[in-house]
Amino acid sequence: MNLNLVLFDLDGTLMDTAPDMGAALNELRAEHNLPPLTADRIRPWVSHGAMGLLKLGFGIQPQDARFSEMRTRYLALYEARLTRETHLFHGMPEVLDALERQGRTWGIVTNKPGWLTEPLLEACGVRSRAACVVSGDTLARRKPHPDPLLHAAGLCGLPVSQGVYVGDAERDVQSAHAAGMLAVVALYGYLGEEERPDVWKPDHSIKHPSELLDWLATQPAPRAAAEAGA
């Protein structure tokens with residue numbers, strides 16, 4: 001198997017967005033006269049997006065009457081500080097550089113809505129480098145459905161059998177396997193203490209972004225690179 005395509009989840013895998021997403025939650029709590037939550041308390045919920053953070057911060061869920069209003073306000077607060085403290089995870093710039101040198105195509109598949117994803121990637125200088133960006137509202141169905149990964153592979157012009165998806169949530173593994181891709185779990189991401197990534201049955205797991213390169217080195221070289229060296 002030639003792994004020519006490497007796709008990344010965004011929050012908790014490619015970028016550390018927890019500081020800004022958490023700060024927005026605490027701003028909303030302050031508006032409701034509630035004390036701030038610690039970063040450690042918030043971090044495991046960030047990969048679950050606004051829905052998870054509102055459940056943590058206010059105990060509300062989508063079926064609750066005030067959920068829609070609270071979600072709108074939370075997203076407005078988050079948009080206002082979208083890139084204040086957010087950055088690529090340590091070691092990720094080097095990983096992206098290496099993938100490009102190796103001739104591998106890389107892209108982003110996230111459940112984050114496009115109106116937040118696009119400006120975030122632009123501000124962090126990676127939008128123009130990504131071969132594809134599939135956001136949570138690009139298609140009718142999001143992860144854990146395979147559609148976003150299938151769409152990403154199509155945009156990149158590569159078969160799903162040559163793809164690997166890197167993410168930090170169970171739905172990422174489910175989506176990858178349903179699409180026919182390999183799944184790598186980013187253990188450095190936003191996993192809670194109670195979560196058991198081994199139970200998700202990923203194909204590999206990494207504790208640091210650089211370990212992705214180590215694992216890829218054990219896989220067949222990208223086809224284009226292999227042919228160039230022949």
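Our structure is the block above this text.
Residues numbered from 1 in each chain as written. Predicted model: local features only at pLDDT ≥ 70, side-chain atom pairs only at ≥ 80, totals over all residues. Heavy atoms only, no water.

Draft legend 1. Layout of the overall build of the protein chain. A tally of regular secondary structure across the protein chain gives 10 helices and 8 strands. Expressed along its principal axes, the backbone C-alpha trace of the protein chain runs to roughly 65 × 35 × 30 Å. Each of the 230 residues in the protein chain was classed as buried or not, and the buried ones make up 51%. When contacts within the protein chain are restricted to residue pairs at least 6 apart in sequence, those whose partners lie at least 24 apart make up 67%. Element-wise, carbon and sulfur atoms account for 51% of the exposed surface of the protein chain, whose accessible area totals about 10,500 Å². Of the side chains in the protein chain, 22 bear a positive and 29 a negative charge, and the two mean positions are spaced by 3 Å. (Helix = DSSP H or I, 4+ residues; strand = E, 2+ residues; numbered from the N terminus. Buried < 20%, exposed > 50% of the residue type's maximum accessible area, 1.4 Å probe, protein only. Contact = heavy atoms within 4.5 Å. Areas by Shrake-Rupley, 256 points an atom, 1.4 Å probe, with all protein chains shown as cover. Lys, Arg positive; Asp, Glu negative; His and termini not counted. Charge placed at Lys NZ, Arg CZ, Asp CG, Glu CD.)

Draft legend 2. Structural context of the pattern of salt bridges. What the rule picks out here adds up to 13 salt bridges. Here Arg-43 ties to Asp-16 by a salt bridge, and the two come within 3.4 Å at their closest N and O atoms. Of this pair, Arg-43 sits in the loop between α2 (39-42) and α3 (49-58) while Asp-16 is found in strand β2 (residues 15-16), placing the two residues 27 residues apart along the sequence. A relative accessible area of 27% means that Arg-43 is categorised as partly exposed. The shortest N-O distance in the salt bridge between Asp-20 and Arg-81 comes to 3.1 Å. In this pair, Asp-20 sits in helix α1 (residues 18-31) while Arg-81 sits in the loop between α4 (67-80) and β3 (87-88), placing the two residues 61 residues apart along the sequence. (Salt bridge = Lys/Arg side-chain N within 4 Å of Asp/Glu carboxyl O.)

Draft legend 3. Inspection of helix α9 (residues 210-217) at higher detail. Turning to α9, its buried residues number three or more, namely Leu-212, Leu-213, Trp-215 and Leu-216. One side of α9 carries all its buried residues, which in axial view fall inside an arc of 165°. The exposed set on the far side of α9, more than 90 degrees from its buried face, consists of Asp-214 and Ala-217. Elements that come into contact with the buried residues of α9 comprise β1 (5-8), α5 (92-101), β6 (163-167), β7 (182-186) and β8 (204-206). (Arc of directions from axis to C-beta.)

Draft legend 4. A look at the packing of aromatic side chains. Counted by the stated rule, this structure contains 4 aromatic pairs. Arranged with centres 6.3 Å apart and planes meeting at 75°, the rings of Phe-8 and Trp-106 form a pair that is edge-to-face. With a gap of 98 residues between them, Phe-8 in strand β1 and Trp-106 in strand β4 (residues 105-109) connect regions that are remote in the sequence. For the pair Phe-8 and Trp-106, one class covers both residues: buried. (Phe/Tyr/Trp six-rings, centres within 6.5 Å; stacked < 30°, edge-to-face > 60°.)

Draft legend 5. Looking closely at the sheet that holds β4. Judged by pairing direction, the sheet is parallel, and its 6 strands sit side by side in the order β5-β4-β1-β6-β7-β8 without closing on themselves. Each edge of the sheet is formed by a strand with only one pairing partner; in this case those strands are β5 (133-134) and β8. Bridging between β6 and β7 involves 4 bridges; their strand directions are parallel. Bridged to Val-164 within β7 is Leu-182. Across the sheet, helix α8 (residues 170-179) lies against β6 and β7, angled at about 165° from β7, the strand it touches most. (Pairing = 2+ DSSP bridges. Axes fitted to C-alpha atoms, helices over the stretch in contact; angles between N-to-C directions.)

Draft legend 6. Representation of the side chain of Asp-16. Taking the relative accessible area as the measure of exposure, Asp-16 reaches 10% and is therefore buried. Side-chain polar atoms of Asp-16 contact the side chain of Tyr-190, separated by 2.6 Å. (Polar contact = N/O pair within 3.5 Å; in protein donor to acceptor, adjacent residues only side chain to side chain.)

Draft legend 7. Looking closely at the pairing of β6. Burial runs high along β6: 5 of the 5 residues are buried. Both faces of β6 are covered, namely the face carrying Gly-163, Tyr-165 and Gly-167 and the face carrying Val-164 and Val-166. With 4 bridges joining them, β1 and β6 adopt parallel strand pairing. Of the residues in β6, the one forming a bridge with Leu-7 is Tyr-165. Read as a crossover between parallel neighbours, the route from β6 over α8 to β7 is right-handed. (Right-handed = clockwise from strand over helix to strand, strands pointing away.)

Draft legend 8. Geometry of unusual backbone geometry. Of note, the bond from Lys-143 into Pro-144 is cis; its omega dihedral lies within 30 degrees of zero at 15°. For Asn-33, which is not a glycine, the phi torsion comes out positive at approximately 60°. Within the secondary structure, Asn-33 sits in the loop between α1 and α2. By relative accessible area, Asn-33 is classed as exposed at 72%. Even without glycine at this site, Lys-201 takes up a positive phi of about 60°. Checked against the element boundaries, Lys-201 lands in the loop between β7 and β8.

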